Amino acid sequence: LLRIYKIGKKNDTRIITERIWTASMMDDAISRPVLYNGMVIVSDKSGFLYAFDFKNGKNLWRFKTKGPIYGSVRLVGESTIVFGNTKGELYLLKVTRKSYKVVWKKQIYPIYSSPTYLRENETLYVACAIKYREQWIVTKNREKFKGHILNIPDKDYVYIEDNNFFTKIIHH
């Protein structure tokens, strides 16, 4: 089940939560949902991507992939999203409230993280599992770093967390 809550302050000392709606899914959602054009777009561990109406939770459409989706969907342009699954399928979809269209599908290494898109140079970064429980990021200069992409605060740097829990700054 997917449950959407509204969380806010009633007064200075009390926080209230109100369930807005509940929707059925094939499995648990462990990623962050994307809100776009009145839709809640979210994936689940069974490999489905869903679009629900933000106001009432009505299932607008559902897309099946071949593997579990652990990372979040990323909005990378007007009505365009990107996401991957643990079978190594990386998808770019055009989405509307009525339907979706697969723009392309690339077969790469297993994806357990969320893709990151840098609009300034139109570059998509994806961390893939090449070995068991290890993820690698390859920069434009073919440098390899084990870890996860954390944040892109500006157009010049990508922040990467490695398995020793410290951050490296890589100029790309």
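Cut-offs applied
- Residues numbered from 1 in each chain as written.
- Predicted model: local features only at pLDDT ≥ 70, side-chain atom pairs only at ≥ 80, totals over all residues.
- Heavy atoms only, no water.
- Core = buried A, V, L, I, M, F, W, Y, C linked by side-chain atoms within 4.5 Å.
- Buried < 20%, exposed > 50% of the residue type's maximum accessible area, 1.4 Å probe, protein only.
- Helix = DSSP H or I, 4+ residues; strand = E, 2+ residues; numbered from the N terminus.
- Contact = heavy atoms within 4.5 Å.
- Salt bridge = Lys/Arg side-chain N within 4 Å of Asp/Glu carboxyl O.
- Pairing = 2+ DSSP bridges.
- Axes fitted to C-alpha atoms, helices over the stretch in contact; angles between N-to-C directions.
- Phe/Tyr/Trp six-rings, centres within 6.5 Å; stacked < 30°, edge-to-face > 60°.
- Lys NZ or Arg CZ within 6 Å of the ring centre and 35° of its normal.

**As for the nonpolar core**
No. 1: If you look at the biggest cluster of nonpolar residues, it comprises 15 residues, and the most contacted ones within it are Ile41, Leu49, Ile81, Phe83, Leu93 and Val95.
No. 2: For this core, the element with the most residues is strand β9 (residues 89–95), which contributes three residues.
No. 3: Those residues in contact with Phe83 that lie beyond four places of it in its chain are Leu49, Phe63, Thr65, Ile69, Val73, Glu89, Leu90, Tyr91, Leu93 and Pro115.
No. 4: Grouped together as the second largest cluster of nonpolar side chains are 10 residues, Trp21, Ala23, Val42 and Phe48 included.

**A few points about the pattern of salt bridges**
No. 1: In the structure shown here, the tally under the stated rule is three salt bridges.
No. 2: Close ionic contact of Lys105 with Glu89 constitutes a salt bridge, the shortest N to O distance being 3.3 Å. Residue Lys105 is located in strand β10 (residues 100–107), and its partner Glu89 is located in strand β9; the two are separated by 16 residues in the primary sequence.
No. 3: Classification of Lys105 by relative accessible area gives partly exposed; the value is 41%.

**Considerations on the sheet that holds strand β8 (residues 80–84)**
No. 1: In space, the four strands of this open sheet follow the order β7-β8-β9-β10, with antiparallel pairing throughout. Since the sheet does not close on itself, it has two edges, and those belong to β7 (74–77) and β10, each with one partner. Adjacent strand axes in the sheet meet at a mean angle of 25°, parallel and antiparallel pairs treated alike.
No. 2: As judged from the five bridges shared by β8 and β9, these two strands associate in the antiparallel manner.

**Quick word on the packing of aromatic side chains**
No. 1: For the structure on display, the rule yields nine aromatic pairs.
No. 2: With 5.6 Å between their ring centres and 15° between their planes, Tyr50 and Phe52 make a pair best called stacked.
No. 3: Ring plane angle 20° and centroid distance 5.2 Å describe the contact between Phe83 and Tyr91, whose orientation is recorded as stacked. Here Phe83 matches Tyr91 in class, with each residue buried.
No. 4: Members of the aromatic cluster, joined through ring pairs, are Trp61, Phe63, Phe83, Tyr91 and Tyr100.
No. 5: Lying over the aromatic face of Phe48, Lys64 brings its terminal NZ or CZ to 4.8 Å of the ring centre.
No. 6: A cation sits over an aromatic face here: Lys106 above Trp104, 5.4 Å from the ring centre.

**Notes on the sheet that holds strand β4 (residues 39–43)**
No. 1: The strand order β3-β4-β5-β6 describes an open sheet built from four strands, whose pairing is antiparallel. Edge positions in the sheet fall to β3 (34–36) and β6 (59–64), since each has one partner strand and no second. Adjacent strand axes in the sheet meet at a mean angle of 20° when their direction is disregarded.
No. 2: As defined by bridge partners, strand β5 (residues 48–53) adjoins β6 across five bridges and the pair is classed as antiparallel. Across the sheet, Tyr50 pairs through a bridge with Arg62, a residue of β6.

**Structural notes on the environment of Pro115**
No. 1: Relative to the helices and strands, Pro115 is located in the loop between β10 and β11 (116–118).
No. 2: The exposure class of Pro115 is buried, given its relative accessible area of 0%.
No. 3: In contact with Pro115, not counting residues within four places along its chain, are Ser72, Arg74, Val82, Phe83, Leu90, Leu124, Tyr125 and Val126.

**Looking at unusual backbone geometry**
No. 1: In the Ramachandran plot, Asn37 falls in the positive-phi region, its phi being about 50° despite a non-glycine side chain.
No. 2: At Ser79, a residue that is not glycine, the phi angle is positive and equals roughly 60°.
No. 3: Relative to the helices and strands, Ser79 resides in the loop between β7 and β8.
No. 4: Given a relative accessible area of 16%, Ser79 falls into the buried group.

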